[in-house]
Amino acid sequence: MMSIGSMALAPLGLGPVGPAMHIPDGYMSVPVAIAGWVVTVGVVAYAARRAEREISDRAVPLMGVMAAFIFATQMMNFPVAGGTSGHLLGGALAAILLGPWAAVIVMAAVVGLQALMFQDGGLVVMGLNIANMGILTIFAGYFVYRFLAGVIPGRVGALAASFVAAWASVVIGSAVVAVELALSGASPLGVALPAMIGVHALIGVGEGLITLAAVSFIRATNPGLVPTPGLAPAGLNGAAR
Amino acid sequence: MSVASVLGDRYAERDSAVHRADARVKLPAALLYILAIACVPEGAWTALALLAAPIAVVAAAARLGPLFILRRTFLALPFVAVAVPLIFTRPGTVAFEVPVLGWHGTHEGLTAVATILARSWLSVTVAVLLTASTPIVETLRALRVLGTPRLLVGTVFFTYRYFDVIGSEAVRMIRARDSRSAALPGRHAGGRVWWRATVVGHMVGSLFARSLDRSERVYAAMQARGFTGELRFLSTPAVRGVEVAVAAAFVLAGFAVVLGDRLA
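Not measured: the values here are computed from a predicted model.

Student: Any chance you could break down the interface of chain B and chain A for me, citing the residues and the numbers?
Tutor: Facing the 80 residues of chain B at the interface are 71 residues of chain A. Between chain B and chain A the total buried area reaches about 7,000 Å² when both faces are included, carbon and sulfur atoms providing 79% of it. Considering only the side of chain B, the residues that lose the most area to chain A are B:Phe79, B:Leu151 and B:Phe208, jointly responsible for 12% of the buried surface there. For the pair chain B and chain A, the interface holds one salt bridge. One salt bridge connects B:Arg150 with A:Glu52, and the closest N-O pair in it is separated by 2.8 Å. Connecting chain B to chain A are 10 residue pairs in polar contact (both at pLDDT 80 or more). Mapped by element, the contributors of at least two residues to the side of chain B that touches chain A are helix H1 (3-8), helix H3 (23-38), helix H6 (86-89), helix H7 (107-133), helix H8 (136-145), helix H9 (150-180) and helix H10 (193-224) of chain B. With 24 residues, the top contributor of residues to the side of chain B that touches chain A is H10(B). Class assignment of the residues belonging to the side of chain B that touches chain A gives a composition of 51 nonpolar, 19 polar and 10 charged.

Student: Explain the domain arrangement of chain B residue by residue, including any values.
Tutor: Residues and elements named next belong to chain B. For chain B, the assigned domains read domain 1 (3-144 + 237-263) and domain 2 (149-179 + 194-224). A separation of 33 Å is found between the C-alpha centroids of domain 1 and domain 2. The junction of domain 1 with domain 2 conceals about 900 Å² of combined surface from both sides, 83% of it contributed by carbon and sulfur atoms. Here domain 1 is connected to domain 2 by zero residue pairs in polar contact (both at pLDDT 80 or more).

Student: How would you summarise the pattern of salt bridges if you had to cite specific residues and measurements?
Tutor: What the rule picks out here adds up to 11 salt bridges over all chains. The network of salt bridges with shared partners includes B:Glu169, B:Arg172, B:Arg210 and B:Arg214.

Student: Give me the lowdown on the nonpolar core, citing residues and values where you can.
Tutor: With 146 residues, the main nonpolar core has A:Tyr27, A:Met63, A:Phe69, A:Met76, B:Val204 and B:Phe208 as its most contacted residues. Here the element with the most residues in this core is helix H5 (residues 100-118) of chain A; it accounts for 16 residues. Mapping this core onto the domain boundaries places at least three of its residues in each of domain 1 (3-144 + 237-263) and domain 2 (149-179 + 194-224) of chain B. Among residues more than four places away in sequence, those in contact with A:Phe69 are A:Leu93, B:Ile166, B:Val204, B:Leu207, B:Phe208 and B:Ser211.

Student: Which residues make up unusual backbone geometry, and what values go with them?
Tutor: Phi angles above zero are rare outside glycine, and A:Gln119 is one such case at about 55°. Locating A:Gln119 in the fold gives a position in the loop between H5 and helix H6 (126-151). Not every positive phi belongs to a glycine, and B:Arg63 is a case in point at roughly 55°. Position of B:Arg63 among the secondary structure elements: in the loop between helix H4 (45-62) and helix H5 (66-74).

Student: An account of the confidence of the model for chain B is needed here, citing residue identities and associated values.
Tutor: When the pLDDT values of chain B are averaged, the result is 88; 95% of them are 70 or greater. In the model output, the complex is listed with pTM 0.88 alongside ipTM 0.89.

Student: Give me the lowdown on helix H11 (residues 241-263) of chain B, citing residues and values where you can.
Tutor: Residues and elements named next belong to chain B. When the terminal C-alpha atoms of H11 are compared, their 32 Å separation across 23 residues agrees well with the 33 Å that a helix rising 1.5 Å per residue should span. By the burial criterion, the buried members of H11 are Glu243, Ala247, Phe250, Val251, Gly254, Val257 and Val258. Those residues of H11 that are buried are in contact with helix H2 (17-20), H3 and H4.

Student: Mind laying out the packing of aromatic side chains, listing which residues take part and the relevant values?
Tutor: By the definition in use, this model includes 11 aromatic pairs over all chains. Measuring from centroid to centroid gives 5.0 Å for A:Tyr27 and B:Phe79, while their planes differ by 85°, and the two rings are edge-to-face. One end of the pair, A:Tyr27, is in the loop between helix H1 (6-9) and helix H2 (30-55); the other, B:Phe79, is in the loop between H5 and H6, on a second chain. Relative accessible area serves as the criterion here: at 0%, A:Tyr27 is assigned to the buried category. Judged by relative accessible area, which is 7%, B:Phe79 ranks as buried. Between A:Tyr46 and A:Trp101 the ring centres are 4.8 Å apart and the planes differ by 75°, which places this aromatic pair in the edge-to-face class. Of this pair, A:Tyr46 sits in helix H2 while A:Trp101 sits in helix H5, placing them 55 residues apart in sequence. Of the residues examined, A:Tyr46 reaches a relative accessible area of 35% and is grouped as partly exposed. Residue A:Trp101 is classed as buried on the basis of its relative accessible area, which comes to 18%. The ring of B:Phe68 has B:Arg14 lying over it, and the distance from NZ or CZ to the ring centre is 5.7 Å. Above the face of the B:Tyr162 ring, B:Arg161 is positioned so that its terminal group lies 4.6 Å from the ring centre.

Analysis parameters
Residues numbered from 1 in each chain as written. Chains lettered and ligands numbered in written order. Predicted model: local features only at pLDDT ≥ 70, side-chain atom pairs only at ≥ 80, totals over all residues. Heavy atoms only, no water. Contact = heavy atoms within 4.5 Å. Buried area = accessible area lost by both parts, 1.4 Å probe. Salt bridge = Lys/Arg side-chain N within 4 Å of Asp/Glu carboxyl O. Polar contact = N/O pair within 3.5 Å; in protein donor to acceptor, adjacent residues only side chain to side chain. Helix = DSSP H or I, 4+ residues; strand = E, 2+ residues; numbered from the N terminus. Nonpolar A, V, L, I, M, F, W, Y, C, P; charged D, E, K, R; others polar. Domains from an automatic or database assignment. Core = buried A, V, L, I, M, F, W, Y, C linked by side-chain atoms within 4.5 Å. Buried < 20%, exposed > 50% of the residue type's maximum accessible area, 1.4 Å probe, protein only. pLDDT = per-residue confidence, 0-100. Expected span 1.5 Å × (residues − 1). Phe/Tyr/Trp six-rings, centres within 6.5 Å; stacked < 30°, edge-to-face > 60°. Lys NZ or Arg CZ within 6 Å of the ring centre and 35° of its normal.

As structure tokens, then:
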């Protein structure tokens, strides 16, 4: 997950190539891979039905362009230190801006296209990769955001909530990948879990700062777009624009 | 530096039977073959070697050239870093000792990591062959035929189509930022990390608003052309029986190797 799109974008000289959360084929045991497909097929089918009902035929161009947006934001890196750079992964941001169900479709499209076109993530484990990056991180980010934005009211609450939600989504996602690798016997839990959580606790700070700044910017320039809980902000249905 | 040049060149046009084969046959065959590879237990070198043979035949038939395939498959290999600790944590007979740290690598651990690397590399090779021999539009048509929700396939189509547009927008914003961010050699420039992250966050927010506007214009244009929510393909030719037979033989060979290894 550290490099959604980084392989795709590396030839542009824009993306960092680092250890990825996109699991390739060959690592996961067959039962774990199939469990990932079961979760993904169920949740994506439900999300697709809800999105079709609630945003009708507008859904395809809206979510396609939004997936292209998430893809493109991953190009926007910034130098951190020592030649490394941080960039957005986008799961929590998509959940905050689009609502969880539309965000699931958007991230499934991004993760699926990365596997099909760039071999960034395997094919048999694609279900698992979508479950990790397209479902788990979105719902983790969404519920943390909803909870914190409810507890702390106003602008400060929304911004603090978007920072914590983005940070938590990255850390939780990385922890689950470590557990899945250990279940498949592809990585020792005692080493992988602290390593993954440690690295992603740092990466998550960048994710949190970018998400916070993006939500803050959109609140200031396009109030009404952020973030009515539910499938889509009012603006997406033409009400606010 | 066009974004399209990155997205567009994944399909490598050649005149070969593999390229001509229907994606509705190639995609399931590739998936099932990778599933067969995933079933190979640790240390089953004969099975892995036998599984490589049909892949080599398809690779030769696709006329892509070994260097082309090798270059693309290497992109997926750095992930092996997550498996490397197994060399030291898997209990077994000691194979070597790291001098200063005093860690013991075991034969069992080396076998596990080598197997994972081999399975991963064979799987990626199959995926590279599929991607390089199949235009993305055909792959998506196959996904739709295989029962992927219409909305998701449509979304992936639009992601593919509009990544170039939104990506170019992003490239222009990055270029504008870099133009404003002059720095003397060896001098620190551009504020602290949190400040830089905020700048990127504002760019992301701005790109979101532009993307939303774009999606509404796209939708209006689609409606003007009579879009009703259904994706249409120009023609859907029948799947050829020969291709199904060859693909079935490919997949069955894979599972026969796995079964043979289990029984032996």
